[in-house]
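# Coordinate inspection notes
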Amino acid sequence: HDIGFRRSHEMAYRPMCPNCDGCKSIRIDVERFTLNRTQKKLMRRHTELMRLVAENGATRESYQLFHLYTKSRHPDGEMASMTPSDFASLIHETAVDTHVIEWHNMSKRVGTSLVAACITDVLRDGLSMVYSYFDIQDKSASYGTFMILSLMEVCRRLELPYLYLGYWVESSPSMDYKRRFQPAEIYTDQGWQALSEL
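Note that this is a predicted model, so its numbers are computed, not measured. (Residues numbered from 1 in each chain as written. Predicted model: local features only at pLDDT ≥ 70, side-chain atom pairs only at ≥ 80, totals over all residues. Heavy atoms only, no water.)

## Some thoughts on helix H1 (residues 37-45)
Looking at H1, one finds that the buried residues are Gln39, Leu42 and Met43. Buried residues along H1 cover an arc of 100° about the axis, so they all sit on one side. Turned more than 90 degrees away from the buried face of H1, the exposed residues are Arg37, Thr38, Lys41 and Arg44. Of the surrounding secondary structure, the elements contacted by the buried residues of H1 are helix H4 (143-158). The opening residue of H1 is Asn36, an N-cap whose side-chain oxygen sits 3.1 Å from the backbone nitrogen of Thr38. (Buried < 20%, exposed > 50% of the residue type's maximum accessible area, 1.4 Å probe, protein only. Helix = DSSP H or I, 4+ residues; strand = E, 2+ residues; numbered from the N terminus. Arc of directions from axis to C-beta. Contact = heavy atoms within 4.5 Å. Polar contact = N/O pair within 3.5 Å; in protein donor to acceptor, adjacent residues only side chain to side chain.)

Right under this line is the structure:
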């Protein structure tokens, strides 16, 4: 990760497309990050959510949330057709320390309490958000942003300097939210550089 690679199952990879270098690894400098007013409000809103590490990340409950999310957000993608076995291999077939971090709504009285989860790799210098998924019914919940903020808390507790967010593409509206977490750094031919300076 410190030279721009990502993980899928047991493979480490980095996009190498001819005549294109648009996909840049992005990470947040956790110690220098400070919450803005909107982010503070979001954290207060979700005080009923309990964060925990799933003992067995490939649970039926987690798979169901993953399946609903991918079918809605990425219906044509490879992940939308994953079986429970495929999902389990994504979590367990790994050469690094991988966990599923879950957030449960403890005030929910009916149905599952699981509202968000993130497959997360523990690295020597940070946490890497391999894939996050959440309940898409409440569009104002901003679970994606909340999980990033919550995992930065975990990084601080573990004294890990960075939270890795995967790839960032400047021209992609769906990835522009990552710019909101400053100071962010992206990996370039010159190494890690502040996104704000590019």
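## What to know about the confidence of the model for the protein
The predicted model of the protein averages 85 in pLDDT, with 87% of residues at 70 or higher. Mean pLDDT across the secondary structure elements of the protein bottoms out at strand S2 (residues 11-13), with 48, and peaks at H4, with 97. (pLDDT = per-residue confidence, 0-100.)

## As for the nonpolar core
Ranked by size, the top nonpolar core spans 50 residues in total, and within it Trp103, Ile119, Tyr133, Leu151, Met152 and Leu163 carry the most contacts. No other element matches H4, which puts nine residues into this core. In contact with Met152, not counting residues within four places along its chain, are Ile28, Val30, Phe33, Leu163 and Phe181. (Core = buried A, V, L, I, M, F, W, Y, C linked by side-chain atoms within 4.5 Å.)

## Thoughts on unusual backbone geometry
With an omega dihedral of 5°, the bond running from Gln182 to Pro183 counts as a cis peptide bond. Tracing the sequence through the fold places Pro183 in the loop between strand S8 (162-168) and strand S9 (184-188). In this structure, Ser142 takes a positive phi of about 55° despite not being glycine. For Ser142, the position within the fold is in the loop between strand S7 (126-134) and H4. Despite not being glycine, Glu159 shows a phi value in the positive range, around 60°. Tracing the backbone through its elements, the reader meets Glu159 in the loop between H4 and S8.

## Overview of a positive patch on the surface
On the surface, a cluster of positive charge is contributed by Arg37, Lys40, Lys41 and Arg44. The class of Lys40 is partly exposed, set by a relative accessible area of 43%. (Patch = residues over 30% accessible without salt bridge, like charges linked within 9 Å, V, L, I, M, F, W, Y side chains within 5 Å. Areas by Shrake-Rupley, 256 points an atom, 1.4 Å probe, with all protein chains shown as cover. Salt bridge = Lys/Arg side-chain N within 4 Å of Asp/Glu carboxyl O. Lys, Arg positive; Asp, Glu negative; His and termini not counted. Charge placed at Lys NZ, Arg CZ, Asp CG, Glu CD.)

## Digging into the pairing of strand S5 (residues 97-105)
Burial analysis of S5 places seven of its nine residues in the buried class, the great majority of the element. For strand S4 (residues 49-53) and S5, the ladder comprises five bridges, and the chain directions are antiparallel. Across the sheet, residue Leu49 finds its bridge partner in S5, namely Asn105. When S5 meets strand S6 (residues 114-122), the two strands line up antiparallel, connected through eight bridges. Residue pairing in the sheet places Trp103 in a bridge with Ala116 of S6. (Pairing = 2+ DSSP bridges.)

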